[in-house]
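Summary of structural features
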Amino acid sequence: MTAQPVGPATLRVWDFPIRLFHWLLVATILVAFLSAFEGNPLAPWHQAAGWVAAVLIVFRLVWGFVGGELARFAGFLRLRDLGPHLRALIGGRANPVLGHNPLGGRAIVGLLVLVAGTVATGAVVTQGG
């Protein structure tokens, strides 16, 4: 008699460092948002949240080159995959992808750039520049 699975199989696409990065970035952005106004009890945490976000972005950039297969930028930012993916998407026949599809990969890069830009502008304002 062979064992049968009890429930649906769980497939973990992202490795632990990426999952930790995802949730820490969400928490950091939430803290930064909630602490953005002077006089707010969370205001002292605003700058710390920005620095944590900066460290997380640097980590993600490094992990994008040395991390697991699905975490690497080379795995989901191939330019040659974008055109066929867009054509298939427009035609209503895009294939599911394990990890980020070519368009989703660009959205991730956009998110990282926006968060990094927000952190950079905050650092400049904090330094009085």
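Definitions and limits used
Residues numbered from 1 in each chain as written. Predicted model: local features only at pLDDT ≥ 70, side-chain atom pairs only at ≥ 80, totals over all residues. Heavy atoms only, no water. Helix = DSSP H or I, 4+ residues; strand = E, 2+ residues; numbered from the N terminus. Rg over C-alpha atoms; globule rule 2.2 N^0.38 Å. Contact = heavy atoms within 4.5 Å. Core = buried A, V, L, I, M, F, W, Y, C linked by side-chain atoms within 4.5 Å. Buried < 20%, exposed > 50% of the residue type's maximum accessible area, 1.4 Å probe, protein only.

**Examining the overall build of the chain**
- Helix and strand counts for the chain stand at five helices and zero strands.
- Listing each helix as α and each strand as β along the chain from the N terminus yields α-α-α-α-α.
- Here the C-alpha radius of gyration of the chain, 19 Å, is well above what a compact globule of 129 residues would show, namely 14 Å.
- Considering only C-alpha atoms, the chain reaches an extent of 65 × 45 × 30 Å along its principal axes.
- Within the chain, residue pairs in contact and separated by at least 24 positions form 56% of the contacts whose partners lie at least 6 positions apart.

**Considering the nonpolar core**
- By size, the foremost hydrophobic cluster in this structure holds eleven residues: Phe21, Leu25, Ala53, Ala54, Leu56, Ile57, Phe73, Phe76, Leu112, Val115 and Val119.
- When residues of this core are assigned to their parent elements, the largest contribution, four residues, is made by helix H2 (residues 46-66).
- If near-sequence neighbours (up to four positions away) are discounted, Phe73 is found in contact with Arg60, Leu61, Gly64, Phe65 and Leu112.

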